[in-house]
Structures are given as C-alpha cells and as structure tokens.
Amino acid sequence: MDEEQQRGMEDAFASLESLTSEDWDESSSDNEHSTNIKYSRTDDTPASDWGKSTSEEVEVYLEMQGELEGTASSSQEEEGQQNAEEEELLQLEIDEIMEVEGNDDSLTDTDDYPWTSINPILRLRGPVASGYGRGGKKLGVPTANLPASLFQSALEDVTNGVYFGWAVVEQPTTTDGNQKGRNKPIKAVVNVGYSPTFEGKENQEKIVEAHLITKSSPMEKNELSDTAQMDGNDDNGEEIEGDFYDETMRLQLIGYLRPEQKFDSFPELIAQIHRDIGNAHWALGEMPYVFSKEDEFVKDGVDWIGSGGGDVIASWEFESW
C-alpha cells in the first residue's frame, strides 16, 4: 500500500469514527441500491442520494482497520492455529495407538525379564582351576572355576547367586596355532557361592563357577524369548577345544539371574541350570548386554591388571556403569 492510499484510508477511518447510530439510514425500498449512510451530520448531501458509502464498504474499511490495529487474525495466525489443531489430532492418534499397545501381553519393561542389571559390574582375570569335577561329570554342564584362594577379597561383598556375562579364554603363548574358542568373547552363566545342593560337600570357600555357552550347551528356552535369537546360531556358537585348565580366563559379570539355592534333588538342580543357561544366552543377546562384549577388557585384556587388587597372574575390579 503506497502513502497516498494510506492517507486516504486514514481519512476515511477518521470520518467513520465520527459516525453514530443516527447517521445510519437503512433503506427499506425494493430497489437495487444497498444500505447507505451519510458521511457526517454536517454532510449536505441528502440521505436519499445513494451514494457515498455503502454498508458493505464500511465493513471492508472496518476489516482493514482491524488488520492495521492488529485486531484481526492474520494469515500467519490462522496457519499457526491450523497447525496446532493438526498436532492435537496427531497426538490423539498417538495416544490411541499407545493405549492399544499398552494392552499387549508382550514384554513391555524390564520387570518382565528374568534378569536384572548389576552395578557396579565385576571383572575377574586369573588361571582356570580344576575345581571339584562336579559340573561336567554329575550335571552334564562343564564349568571353568577361578581359584577361590585368589579371589576371596573380591568376592566378600558379592551376593551369592547366578550371574551372566562375557568370558574370554586367552590363547596360551606356549602353544602353536590357534585353538578353538580362544581369544574371543563367549557368553557365560556364572554361579558365585558355595553350591549348597551338594550336602556334605559344599564348598568351604565362596567360588566362581562359569559355564561357557556353546552350541552343545543344554538350555531351556524361555517362552518369552525370541526363538530365532535362542537358536544358538550366533557368534558364540563355536565349541571350545580342550578343558583349558591352567589357561587364563577373563570374566566380566554384568547381570543377575537368581539367588543361590539348595534343591531337593539333582534333577531339579539340573532343570534349573538349563533354564539359567537359556536365560543367560537370551539376556546376552539383548540391549545393553550385547554391547558389553565390545568392552576393552573383553576385547583386549591380555595385559590387564584390575584396580581392585591382585597382580599380573590374578586380579579384579568393580566398575560402575
């Protein structure tokens, strides 16, 4: 709008503002003319002369004045209001979807999983001991045990129970070639405690017994787990060559399955161990545990010495995450 038009509008608005209801002269005739007004009381033009400003023109003036004074909705305001209405409708649709999904019987939170995270995590590194020979011979589940005498200080404040995590059996420097199952992360289910089911033969000291999960590991799959993920066709399916006694093992415990308990019979104990293996295998394929195998301790901890105690032969540490 140029300056001349602006001045014209301002003059017209000034005239309109001086009008009163008496100045309106609404025609009742059936002719083609519209409702008219006089410009002012001093206007010498007869009210019967159609002419100077119709009611439609006045409405246009008022609308323009409203825009100038900021009282009318601009196109941007209308667009913003429309966007707000669309966002509100979208949110309603999302709420409806969430309400439907909330009624789903599938897993929705960690309370439905048979495990919990531990914090701090526990790292152990040391030579594999021969143990009591019960895991493989009596239970059909071979275990790699870390010497109780080397880790008693580390285990004093660790709750007895069944844990899971990543294990690495280091390739001995004295052997030629690469033995299967060495220098790679392997899923592990680990008992920390005294093995109370073996009445009269309980461990005198708290020990760490780790079963490294391979394709041949007996496991009971949890009905809530993903069948494909539980088939064992992952990067931990390789068998481990030899019994690896006296070889160095790194063990990182990151999750907890259940307390240690005494069973009434070996079949009950064996059945529970199979469930523990299945749950550990499942958990270690899920977030965030699957990424723990990328930890530097797991990937390249050959020269690692833990900050919690020990030496180059055997050491440990706790770390919050």
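Above this text you will find the structure in question.
The sections below set out a description of the structure shown in this document. Remember, it's a predicted structure, so these values are computed and weren't measured experimentally.

Details of the environment of Trp 304
In step 1: Tracing the sequence through the fold places Trp 304 in the loop between helix 7 (296-299) and strand 10 (309-310).
In step 2: Considering only alpha carbons, one finds Trp 304 and Arg 250, 54 residues apart in sequence, at a separation of 9.3 Å.
In step 3: Every residue in contact with Trp 304, bar those within four places of it in the chain, is listed here: Arg 123, Arg 125, Phe 297, Ser 315, Trp 316 and Glu 317.

Comments concerning unusual backbone geometry
Among all residues except glycine, the phi angle is most often negative; among peptide bonds, the trans geometry is most common.
In step 1: Cis geometry marks the peptide bond from Asn 119 to Pro 120, where omega comes out at 10 degrees.
In step 2: Along the chain, the position of Pro 120 falls in strand 4 (residues 116-127).
In step 3: Geometrically, the link from Met 287 to Pro 288 is a cis peptide bond, its omega value of 0 degrees lying close to zero.
In step 4: Structurally, the position occupied by Pro 288 is in the loop between helix 6 (266-283) and helix 7.
In step 5: Even without glycine at this site, Asn 183 takes up a positive phi of about 55 degrees.
In step 6: Note on placement: Asn 183 falls in the loop between strand 6 (161-169) and strand 7 (186-193).
In step 7: Looking at Asn 183, the relative accessible area reads 47%, which means it is partly exposed.

Details of the side chain of Arg 123
In step 1: Tracing the backbone through its elements, the reader meets Arg 123 in strand 4.
In step 2: Under the relative-accessibility criterion, Arg 123 is labelled buried at 4%.
In step 3: Polar side-chain contacts of Arg 123 include one of 2.9 Å to the side chain of Asp 295.
In step 4: Those residues in contact with Arg 123 that sit more than four places away from it in its chain are Leu 251, Gln 252, Asp 295, Phe 297, Trp 304, Ser 315, Trp 316, Glu 317 and Glu 319.

A closer look at the sheet that holds strand 4
In step 1: Read from one edge of the open sheet, eight strands run 5-8-7-6-9-4-11-10, paired in antiparallel fashion. The open sheet is flanked by strand 5 (144-146) and strand 10, the only strands paired with a single partner.
In step 2: Bridge count for strand 4 against strand 9 (residues 248-259) is eight bridges, and the pairing is antiparallel. Residue Arg 125 lies in a different strand from strand 9, and its bridge partner there is Arg 250.

Examining the pairing of strand 11 (residues 315-319)
In step 1: Relative to strand 11, strand 4 is paired through five bridges, and the arrangement is antiparallel. Within strand 11, the position partnered with Leu 122 by the bridge is Phe 318.
In step 2: With two bridges connecting them, strand 10 and strand 11 associate as antiparallel partners. Residue pairing in the sheet places Gly 309 in a bridge with Trp 316 of strand 11.
In step 3: What sits between strand 10 and strand 11 in their antiparallel hairpin is a turn of four residues.

So, how was this worked out
Residues numbered from 1 in each chain as written. Predicted model: local features only at pLDDT ≥ 70, side-chain atom pairs only at ≥ 80, totals over all residues. Heavy atoms only, no water. Helix = DSSP H or I, 4+ residues; strand = E, 2+ residues; numbered from the N terminus. Contact = heavy atoms within 4.5 Å. Buried < 20%, exposed > 50% of the residue type's maximum accessible area, 1.4 Å probe, protein only. Polar contact = N/O pair within 3.5 Å; in protein donor to acceptor, adjacent residues only side chain to side chain. Pairing = 2+ DSSP bridges.

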